Amino acid sequence: MSGWEPGDRRPDRASMLRVNQAGEYGATRIYAGQLAVLARGSAASHQIARMAAQEERHLARFNKLMAERRVRPTALQPLWSVAGFALGAATALIGEKAAMACTDAVETEIDRHYTEQLAELGEDDPELAADIAEFQAEELEHREIAREHGAQEAIGYPILSAAIRAGCRVAIELSKRI
Ligand SMILES: [Fe+2]
Ligand SMILES: [Fe+2]
């Protein structure tokens, strides 16, 4: 892992773990922001709490792998803490459907990201690949739940979704590198 140089064909698994841990951490912060705003006991908050528990599990797993493999977290963690929470709170303030549209958008980008990683990993790291594949399936379930709860009926869905997806892509690229 430490022997990796730009231009090396082998996947940079330290960078992969770093960006995945950052993403799962960001997801927990988004849901924390949403749960801080949404009324307890609403159908949306119940679903979000369930998804948040799964994100905590994904995060714990990547934390463990990072510790075992001595990979440092992204230096941008404090930024993702604030930005994630703010995104969650802001979308929940717009309404429950906007909160769901946020999950829809984020999971679309995470799904794309995990698909790319699995292709890049190939047979190189079955342990990491198995986790990614398992979490990816759960992220797609989250997107289904969000759509069942009206994500695509949110006011301004196309713009909201495009903006959040663009933000996710930037966050992913930064967290791979910094
Ligand atoms: Fe996750
Ligand atoms: Fe998720």
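Attention in this report is confined to the structure presented alongside it. Predicted model only: the values in this text are computed from it and were never measured.

1. Overview of the coordination of the iron ion (ligand 1)
For step 1, the next point in the chain: The protein atoms that coordinate the iron ion (ligand 1) are Glu24 (OE), Glu24 (OE), Glu55 (OE), His58 (ND1) and Glu139 (OE), at distances spanning 1.9 to 2.8 Å.
For step 2, the next point in the chain: The sequence pattern describing where the donors of the iron ion (ligand 1) fall on their chain is E-x30-E-x2-H-x80-E.
For step 3, the next point in the chain: In this structure, the iron ion (ligand 1) lies 3.8 Å away from the iron ion (ligand 2), the two metals sharing Glu55 as a donor. Placement of His58 in helix α2 (residues 43-69) and of Glu139 in helix α5 (residues 126-148) is noted, with a sequence separation of 81 residues between them. The same class applies to His58 as to Glu139, namely buried.

2. Quick word on the packing of helix α3 (residues 77-94) against helix α6 (residues 157-177)
For step 1, the next point in the chain: Two elements in contact, α3 and α6, have axes separated by 13 Å at closest approach and are oriented at 170°. Considering the angle they form, α3 stands roughly antiparallel to α6. Contact with α3, carried on its side by Trp80, Leu87 and Thr91, involves Ile164, Ala171, Leu174 and Ser175 of α6 and no other residues of that element.

3. Regarding the packing of aromatic side chains
For step 1, the next point in the chain: In this structure the tally under the stated criterion is one aromatic pair.
For step 2, the next point in the chain: Summarising the aromatic geometry, the rings of Phe62 and Phe135 are spaced 5.3 Å apart at their centres and angled 85° between planes, so their arrangement reads as edge-to-face. Within this pair, whereas Phe62 is found in helix α2, its partner Phe135 is found in helix α5, the two being separated by 73 residues in sequence. Of the two residues, Phe62 and Phe135, neither departs from the other in class, the shared state being buried.

4. Topic: unusual backbone geometry
Both trends apply: most residues other than glycine have a negative phi, and most peptide bonds are in trans.
For step 1, the next point in the chain: For Arg70, which is not glycine, the phi dihedral falls at a positive 55°.
For step 2, the next point in the chain: Looking at the element boundaries, Arg70 is found in the loop between α2 and α3.

5. Some points on the nonpolar core
For step 1, the next point in the chain: Counting residues in each nonpolar core, the largest one holds 37 residues, and the members touching the most others are Leu17, Ile48, Phe62, Val106, Leu128 and Ile164.
For step 2, the next point in the chain: Put simply, the parts of the chain that give this core at least two residues each are α1 (13-37), α2, α4 (96-121), α5 and α6.
For step 3, the next point in the chain: Beyond its immediate stretch of four places on either side in the chain, Leu128 contacts Arg13, Leu17, Phe62, Leu65, Arg69 and Leu121.
For step 4, the next point in the chain: If you look at the next biggest cluster of nonpolar residues, it comprises five residues, including Ala22, Tyr25, Leu59 and Leu76.

6. Some thoughts on the pattern of salt bridges
For step 1, the next point in the chain: Under the criterion given, the structure shown has 16 salt bridges.
For step 2, the next point in the chain: The shortest N-O distance in the salt bridge between Arg69 and Asp125 comes to 2.7 Å. Here Arg69 is found in helix α2, whereas its partner Asp125 is found in the loop between α4 and α5, with 56 residues between them in sequence.
For step 3, the next point in the chain: A relative accessible area of 17% places Arg69 in the buried class.
For step 4, the next point in the chain: Its salt-bridge partner being Glu109, residue Arg112 comes within 2.8 Å of it at the nearest N-O pair. Note that Arg112 and Glu109 are positioned in helix α4 at a spacing of three residues, about one turn of the helix.

7. A closer look at the coordination of the iron ion (ligand 2)
For step 1, the next point in the chain: The coordination sphere of the iron ion (ligand 2), as far as protein atoms go, consists of Glu55 (OE), Glu107 (OE), Glu139 (OE) and His142 (ND1), spread over 1.8 to 2.2 Å.
For step 2, the next point in the chain: Taken together, the four donor atoms coordinating the iron ion (ligand 2) and their angles of 91 to 127° define a geometry best described as tetrahedral.
For step 3, the next point in the chain: We note that the donor set of the iron ion (ligand 2) lies within a single chain, spaced as E-x51-E-x31-E-x2-H.
For step 4, the next point in the chain: The class for Glu107 is buried, based on a relative accessible area of 2%.

8. Side note on α4
For step 1, the next point in the chain: Here α4 contains 26 residues, and its C-alpha end-to-end distance of 37 Å stays within 8% of the 38 Å for a straight helix at 1.5 Å per residue.
For step 2, the next point in the chain: Gly122 sits one or two residues past α4 and shows a positive phi near 55°.

9. Considering α2
For step 1, the next point in the chain: Between its first and last C-alpha, α2 extends 40 Å over 27 residues, near the 39 Å set by a 1.5 Å rise per residue.
For step 2, the next point in the chain: Remark: Arg70 follows α2 within two positions and exhibits a positive phi of approximately 55°.

What counts and what doesn't
Residues numbered from 1 in each chain as written. Chains lettered and ligands numbered in written order. Predicted model: local features only at pLDDT ≥ 70, side-chain atom pairs only at ≥ 80, totals over all residues. Heavy atoms only, no water. Donors = N, O, S within 2.8 Å, 3.2 Å for Na, K, Ca; no water. Helix = DSSP H or I, 4+ residues; strand = E, 2+ residues; numbered from the N terminus. Buried < 20%, exposed > 50% of the residue type's maximum accessible area, 1.4 Å probe, protein only. Axes fitted to C-alpha atoms, helices over the stretch in contact; angles between N-to-C directions. Parallel < 35°, antiparallel > 145°, perpendicular 65-115°, else oblique. Contact = heavy atoms within 4.5 Å. Phe/Tyr/Trp six-rings, centres within 6.5 Å; stacked < 30°, edge-to-face > 60°. Core = buried A, V, L, I, M, F, W, Y, C linked by side-chain atoms within 4.5 Å. Salt bridge = Lys/Arg side-chain N within 4 Å of Asp/Glu carboxyl O. Tetrahedral: all angles 85-135°; square planar, octahedral: opposite > 155°, others 65-115°. Expected span 1.5 Å × (residues − 1).

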